[in-house]
Amino acid sequence: MIRTTLASISILLALALPAAADEFIASPTLRTSVTVTSDVVRIGDLIDNAGSAALIPVYRSPDLGTTGTLTVGQVLSVLRAKQVIGVMTGDIKEVQVTRLARTLASKEIENAVAAALERRFGLGEAANITVTFDRGVADMRLDASNTGALQPVATRYDARSGRFDVGFEIANDSNPAPTRLRFTGTAIETVEVAVLTRDIDRAELLKSSDLSLERRPRAEITGEPAGRDRSIGMQLRRPMRAGTPLRIADIVKPDFVLRDQAVTIIYQVPGLYLTTRGKAVENGAEGDSISVLNLQSKRTLTGIVTGRGQVTVQGASQSAPMVPAVEQTSSIKRGETPAPVDTAALVRSLVQAPASPAQVAQAKVAQAQIPQARISQAPAKSE
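It should be emphasised that the depicted structure is a prediction, and the values quoted were computed from it without experimental measurement. (Residues numbered from 1 in each chain as written. Predicted model: local features only at pLDDT ≥ 70, side-chain atom pairs only at ≥ 80, totals over all residues. Heavy atoms only, no water.)

**Student:** Is there a simple way to explain the sheet that holds strand 22 (residues 300-307) in this structure?
**Tutor:** Consider a sheet: its strands pair through backbone hydrogen bonds, and that pairing is either parallel or antiparallel. Strand order around the closed barrel formed by five strands is 18-19-21-22-23, with mixed pairing between neighbours. On average, adjacent strands in this sheet sit at an angle of 50° to one another, irrespective of strand direction. Note: strand 18 (residues 262-269) against strand 19 (residues 272-280), eight bridges, orientation antiparallel. When the bridges of strand 19 are listed, Ala 262 appears paired with Lys 279. (Pairing = 2+ DSSP bridges. Helix = DSSP H or I, 4+ residues; strand = E, 2+ residues; numbered from the N terminus. Axes fitted to C-alpha atoms, helices over the stretch in contact; angles between N-to-C directions.)

Below, the structure is given as structure tokens:
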């Protein structure tokens, strides 16, 4: 009898244990935080092990990209109305519900419009296109299912007014039809250019504080725009007012020599280095070729500006001919050494004053009194 009773109890326990295990596993449990992608919150979003009630909608989702809060009492009340009871809440006080979204930043939209116009309608690089929307475009939030890229499908542009009308499509994971967006406004090509911060005279050297870097419409700049770094230390070709954008054609190297300025003339050939006083005939920047007057010889020379108030003459100047030495015609063959330069004659051409007419006439008379020597050469004998 006792054995029969024990066997019966064992069988009952064996039958009851699986049911108890199933009941434990199936106990619904409330979640602390919930993320949703659709416009409604379902029971399956709020609790685990919701069973067949998981797809029942109970709340409207928060706005795209925002988070809402529900108290546990509110959630349990709604669940009981849907015949869901016995929910395990633990020590949870409230449930946070976040709706996922895809955010399109305003800069991303602006770049997409510029890319759609790039190298079209007479415009240049997208980085140089400035876009202004008819209505201020803030960051846009789309449903998280919009995972595709912004693809331009219709682009219109009026080059005269700068007006644009661009349509985009975005692929949608939950809908075969893409999401469509449209933007209108104006777009102009701009360039970075150095702009004067104050009135500048022609003789002034441009300093860092005299220039700012701005973006100006390309149509306002005729020619190549001047950069800020390239303009520092240069001079203007003419006086200009503050706010004027600079072009390459507006700036020049600073003048190291001014017209009528006293200069040092350096005469330099291999093995010879001379300096003398002179006066500049014209303005010149470093590296320019200008004319200078030798104050000692009164000759006009052509030299290269090599420093402030300094002009270097390399060899004889075309405007200051050298005193001729012995006239001769020679043909240098390969392997022969050319005749040495008459350094003394070169020096005389630089520092000596030109001969007066009386001196020239006297030299001609003296030359006429010297009899000419005739040189004859007997023909060579043949062997």
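**Student:** Explain the nonpolar core here, please?
**Tutor:** In summary, soluble globular proteins display a tendency toward joint burial of nonpolar side chains. In terms of nonpolar packing, the biggest core is built from 22 residues, with Val 113, Leu 117, Val 131 and Phe 164 touching the most fellow members. Contributions of two or more residues to this core are made by helix 4 (106-117), strand 9 (129-133), strand 12 (163-172) and strand 13 (175-196). Here this core takes six residues from helix 4, the largest share from any one element. If sequence neighbours within four positions are ignored, Leu 117 has contacts with Leu 123, Ile 129, Thr 155, Tyr 157, Phe 164 and Ala 187. Of all hydrophobic cores here, the second largest spans 19 residues; its members include Leu 46, Ile 47, Val 72 and Val 84. (Core = buried A, V, L, I, M, F, W, Y, C linked by side-chain atoms within 4.5 Å. Buried < 20%, exposed > 50% of the residue type's maximum accessible area, 1.4 Å probe, protein only. Contact = heavy atoms within 4.5 Å.)

**Student:** Looking at this model, I keep getting lost on the pairing of strand 18. Mind explaining?
**Tutor:** Each regular strand shows side chains that alternate between the opposite faces of the sheet. Once strand 18 ends, the chain turns through two residues before running back antiparallel as strand 19, passing Gly 271 with a positive phi of about 85°. Note: strand 18 against strand 23 (residues 310-314), five bridges, orientation parallel. What sits directly across from Ile 265, in strand 23, is Val 311.

**Student:** Hey, could you run me through unusual backbone geometry in this one?
**Tutor:** Working note: non-glycine residues mostly have negative phi, and peptide bonds are mostly trans. For Arg 119, which is not glycine, the phi dihedral falls at a positive 55°. With respect to the element layout, Arg 119 can be found in the loop between helix 4 and strand 9. Since its relative accessible area comes to 58%, Arg 119 is described here as exposed. In this structure, Phe 121 is a non-glycine residue whose phi angle is positive, near 60°. You can see Phe 121 is positioned in the loop between helix 4 and strand 9. For Phe 121, a relative accessible area of 34% gives the class partly exposed.

**Student:** Can you help me understand the sheet that holds strand 7 (residues 94-99) in this one?
**Tutor:** As summarised here, the arrangement of the three strands in space is 2-7-6, forming an open sheet in which the pairing is mixed. Strand pairing shows two members of the sheet lacking a second neighbour, strand 2 (33-36) and strand 6 (67-71), which therefore form its edges. Strand-to-strand, the axes of this sheet are offset by a mean angle of 25°, without reference to chain direction. Sheet topology places strand 2 next to strand 7; four bridges connect them, and they run parallel. Looking at the pairing, Ser 33 lines up with Gln 96 of strand 7. Here helix 3 (residues 72-81) sits on the sheet and contacts strand 6 and strand 7; the angle it forms with strand 6, its principal contact strand, is near 75°.

**Student:** What's the story with helix 3 in this structure? I'm lost.
**Tutor:** Every α-helix winds through 3.6 residues per turn, so residues three or four apart in the chain are directed the same way. Of all the residues in helix 3, the buried ones are Val 72, Val 75 and Leu 79. Buried positions in helix 3, seen along its axis, are confined to an arc of 65° and lie on one side of it. Looking at the buried residues of helix 3, the elements they touch are strand 1 (29-30), helix 2 (43-46), strand 4 (47-48), strand 5 (57-60), strand 6 and strand 7. Positive backbone phi, at 65°, marks Gln 83, one or two positions downstream of helix 3. (Arc of directions from axis to C-beta.)

**Student:** Sorry if this is basic, but what is going on with the pattern of salt bridges here?
**Tutor:** Applying the stated rule across the entire model yields 18 salt bridges. The closest approach of N and O atoms between Asp 158 and Arg 160, which form a salt bridge, is 3.9 Å. On the basis of relative accessibility, which here comes to 30%, the residue Asp 158 falls in the partly exposed class. Among the ionic pairs, Asp 250 bridges to Arg 247, the shortest N-O distance being 2.9 Å. (Salt bridge = Lys/Arg side-chain N within 4 Å of Asp/Glu carboxyl O.)

**Student:** Would you mind showing me how to read helix 4 here?
**Tutor:** In this model helix 4 runs 17 Å from its N-terminal to its C-terminal C-alpha over 12 residues, within 8% of the 16 Å that 1.5 Å per residue would give. Listed in full, the buried residues belonging to helix 4 are Ile 109, Ala 112, Val 113, Ala 114, Ala 116 and Leu 117. Buried positions along helix 4 lie against strand 8 (101-104), strand 9, strand 10 (140-143), strand 11 (151-157), strand 12 and strand 13. Just downstream of helix 4 lies Arg 119, where phi reads positive at about 55°. (Expected span 1.5 Å × (residues − 1).)

**Student:** Would you mind showing me how to read the side chain of Thr 276 here?
**Tutor:** Relative to the helices and strands, Thr 276 resides in strand 19. Ignoring any residue separated from it by four or fewer positions in sequence, one finds Thr 276 in contact with Val 263, Thr 264, Ile 265, Asn 294 and Gln 296.

**Student:** Where do I start with the environment of Ala 50 in this structure?
**Tutor:** The residue Ala 50 is located in the loop between strand 4 and strand 5 in this model. Taking relative accessible area as the criterion, Ala 50 reaches 17% and is therefore assigned buried. Once the C-alpha coordinates of Ala 50 and Thr 29 are considered, the two residues, 21 residues apart in sequence, prove to be 8.3 Å apart. In contact with Ala 50, other than residues within four places in its own chain, are Ile 43 and Gly 44.

As far as function goes, none of this settles anything; it's purely spatial.
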